[in-house]
Amino acid sequence: MKAQLKRLLRYRPSVETEHVRAAINTNSVNPGLPFTTPCQGDFLFNLIRSNGCKSALEVGFATGSTAAYMLAGMQTNRGMLISIDPKPEDYLNVGTKLLNNLGYSDRHKLEKRNSALALPDLISRGQLFDFVYLDGWKTFDHLAVDVYYAVRLLSVNGLLVFDDTHR
């Protein structure tokens, strides 16, 4: 019974995100850089796709792998993603190259700022998002500020997703 359950629950890569996995594998020639796992990427893709999200925000861009899956999930409705990361160059600008290679650049905006400054500006501009993904700095003060503003940036029935909740 246990073996059957494990087999049924085993992750099976989505055919719809094969192009994203291939692009990540092509761009992940720099060992040690943080790329999301395929199962986490497919999870984000499926959440966005099944909820019809048209606008997304992520705090923490790094290598752009989560951005790639999110943009793939919004491909059919040409949804937009804003990513906030103060220093993408710390990751050799791999994320920007990845999104360019996938053809997603026209639906992505990267704000190179601290989220504590960028998020209030989005609120003041009246921005709302169907999906917010928090993968920024993991200290209490930063996370508390990000959550405070993220909740105010969610549209009605919007989704708020946290990275690294298993730790």
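Since the model is a prediction, treat every value here as computed from it, not as a measurement.

Reading the values: the criteria
Residues numbered from 1 in each chain as written. Predicted model: local features only at pLDDT ≥ 70, side-chain atom pairs only at ≥ 80, totals over all residues. Heavy atoms only, no water. Patch = residues over 30% accessible without salt bridge, like charges linked within 9 Å, V, L, I, M, F, W, Y side chains within 5 Å. Areas by Shrake-Rupley, 256 points an atom, 1.4 Å probe, with all protein chains shown as cover. Salt bridge = Lys/Arg side-chain N within 4 Å of Asp/Glu carboxyl O. Buried < 20%, exposed > 50% of the residue type's maximum accessible area, 1.4 Å probe, protein only. Phe/Tyr/Trp six-rings, centres within 6.5 Å; stacked < 30°, edge-to-face > 60°. Lys NZ or Arg CZ within 6 Å of the ring centre and 35° of its normal. Pairing = 2+ DSSP bridges. Helix = DSSP H or I, 4+ residues; strand = E, 2+ residues; numbered from the N terminus. Axes fitted to C-alpha atoms, helices over the stretch in contact; angles between N-to-C directions. Contact = heavy atoms within 4.5 Å. Core = buried A, V, L, I, M, F, W, Y, C linked by side-chain atoms within 4.5 Å.

A. How the structure looks around a nonpolar patch on the surface. On the surface, a nonpolar cluster with roughly 530 Å² of combined accessible area is contributed by Met-1, Leu-5, Leu-8 and Leu-9. A residue is classified by how much of its surface remains accessible, and Met-1, at 77% relative accessible area, is exposed.

B. Structural detail: the packing of aromatic side chains. In total, this model carries one aromatic pair according to the counting rule given. Pairing Tyr-148 with Tyr-149 gives two aromatic rings, centres 5.1 Å apart and planes at 80°, and the pair type is edge-to-face. One cation-aromatic arrangement involves Arg-107 over Tyr-104; the distance from NZ or CZ to the ring centre is 5.2 Å. The ring of Tyr-148 is capped by Arg-152, whose NZ or CZ atom sits 3.7 Å from the centre of that ring.

C. Up close: the sheet that holds strand β4 (residues 129-134). What the five strands build is an open sheet, ordered β3-β2-β1-β4-β5; its pairing is parallel. Single-partner strands in this sheet number two, and they are β3 (108-111) and β5 (154-162). Direction aside, the axes of adjacent strands within the sheet are offset by 15° on average. Pairing between strand β1 (residues 55-59) and strand β2 (residues 80-84): five bridges, direction parallel. Each residue of the ladder has a partner; that of Ala-56, found in β2, is Leu-81. Taken strand by strand, helix α4 (residues 65-73) contacts β1, β2, β3 and β4, and its axis lies near 165° from that of β2.

D. Quick look at unusual backbone geometry. A positive phi angle, near 55°, is found at Arg-78, a position not held by glycine. Checked against the element boundaries, Arg-78 lands in the loop between α4 and β2. Phi angles above zero are rare outside glycine, and Asn-157 is one such case at about 70°. Along the polypeptide, Asn-157 turns up in strand β5.

E. Structural context of the nonpolar core. Membership of the largest hydrophobic core comes to 24 residues, with the highest contact counts inside it found for Val-20, Met-70, Leu-81, Leu-99, Tyr-104 and Phe-131. Mapped onto this core, the elements with two or more residues apiece are α2 (18-27), α3 (38-50), α4, α5 (94-102) and β4. With near-sequence residues (within four places) excluded, Leu-99 lies in contact with Phe-61, Gly-64, Ala-67, Ala-68, Leu-71, Tyr-104, Ser-105 and His-108. Of all hydrophobic cores here, the second largest spans 13 residues; its members include Ile-82, Ile-84, Ala-150 and Leu-154.

F. Broad picture of the pattern of salt bridges. Applying the stated criterion across every chain, the model contains eight salt bridges. We note a salt bridge from Asp-106 to Arg-78, for which the minimum N-O separation is 2.7 Å. With Asp-106 in the loop between α5 and β3 and Arg-78 in the loop between α4 and β2, this pair connects stretches of sequence that are 28 residues apart. Under the relative-accessibility criterion, Asp-106 is labelled partly exposed at 49%. What makes Arg-78 partly exposed here is its relative accessible area of 44%. Of the charged contacts in the structure, one is a salt bridge between Arg-113 and Asp-121, with a shortest N-O distance of 2.6 Å. You can call Asp-121 partly exposed: its relative accessible area is 31%.

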